[in-house]
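Inside the fold
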Amino acid sequence: MHPNAPAPTTEDIRAIAAPLASLEGPLLPMLHAVQEAYGHVPEAAVPVLSDILNLGRAEVHGVISFYHDFRKAPAGKHILKICRAEACQAMGGNGLAQATLDKLGIDWHGTTPNGAVTVEPVYCLGMCACAPAAMLDDKVVARLDDARMDRLLKEAGA
């Protein structure tokens, strides 16, 4: 969804979510579908999903806030996921992650002011033997250091 696009209406959200109501455990598929359509789960989706599923708004909000993959605001053009698991931590991942966040002037789940990069934690990329690791969009990069991270950030336009 374009940043200047009009906010989704109740009818728009209902059109996306209602066909999924017959699924077993439909809330998560509905949330994924709404996020796929808008790049995030807009606040306007909470009462719509609550109504479709006959759930309290607090229940829907609780699921959105519990799962870190659901965003309350659109993500940047690129998603940088930095591994926070033990092997990456042991190989200097914490310092690299903090230096990256400091350099970008954001916190976890934040997006750079130019909208280029959103930084998210991830808890294993399967690259433990080559730690620390990160993933820029669908590209996994291992044996990260400050210079490699700088190249990734430059590639992403941060």
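A few points on the structure. (Residues numbered from 1 in each chain as written. Predicted model: local features only at pLDDT ≥ 70, side-chain atom pairs only at ≥ 80, totals over all residues. Heavy atoms only, no water.)

1. Re the packing of helix α3 (residues 45-53) against helix α4 (residues 57-66)
A pair of packed helices is captured by two measures, namely the crossing angle of their axes and the spacing between those axes. Where α3 contacts α4, the two axes come as close as 8 Å, and the packing angle between them is 120°. Comparing the axis directions of α3 and α4 gives the class oblique. For the element pair α3 and α4, the recorded crossing hand is right-handed. Taken together, the residues of α4 that come into contact with α3 (itself represented by Val-46, Pro-47, Leu-49 and Ser-50) are Arg-57, Val-60, His-61 and Ile-64. (Axes fitted to C-alpha atoms, helices over the stretch in contact; angles between N-to-C directions. Helix = DSSP H or I, 4+ residues; strand = E, 2+ residues; numbered from the N terminus. Parallel < 35°, antiparallel > 145°, perpendicular 65-115°, else oblique. Left-handed = near helix turned anticlockwise from the far one by under 90°. Contact = heavy atoms within 4.5 Å.)

2. A short note on the sheet that holds strand β3 (residues 134-136)
In space, the 4 strands of this open sheet follow the order β2-β1-β3-β4, with mixed pairing throughout. Strands at the two margins of the open sheet, each flanked by one partner only, are β2 (117-122) and β4 (139-141). Pairs of neighbouring strands in the sheet enclose a mean axial angle of 20°, with direction left out of account. Packed on one face of the sheet, helix α7 (residues 146-156) meets β1 (78-83), β2, β3 and β4 and runs near 160° to β1. (Pairing = 2+ DSSP bridges.)

3. A short note on the side chain of His-78
Within the element layout of this structure, His-78 appears in strand β1. Setting aside residues up to four positions removed in sequence, His-78 forms contacts with Ala-116, Val-117, Thr-118, Leu-136, Asp-137 and Ala-156.

4. What to know about the pattern of salt bridges
Applying the stated criterion to the full structure yields 4 salt bridges. One salt bridge in this structure joins Glu-120 and Arg-71, with 3.2 Å as the shortest N-O distance. Taken together, the positions of Glu-120 in strand β2 and Arg-71 in the loop between α4 and β1 put the pair 49 residues apart, joining distant regions of the chain. Comparing Glu-120 with Arg-71, the two get one shared label, buried. Two residues, Asp-150 and Lys-103, come together in a salt bridge whose shortest N-O distance is 2.4 Å. Within this pair, whereas Asp-150 is found in helix α7, its partner Lys-103 is found in helix α6 (residues 93-104), the two being separated by 47 residues in sequence. Its relative accessible area of 47% is what places Lys-103 among the partly exposed residues. (Salt bridge = Lys/Arg side-chain N within 4 Å of Asp/Glu carboxyl O. Buried < 20%, exposed > 50% of the residue type's maximum accessible area, 1.4 Å probe, protein only.)

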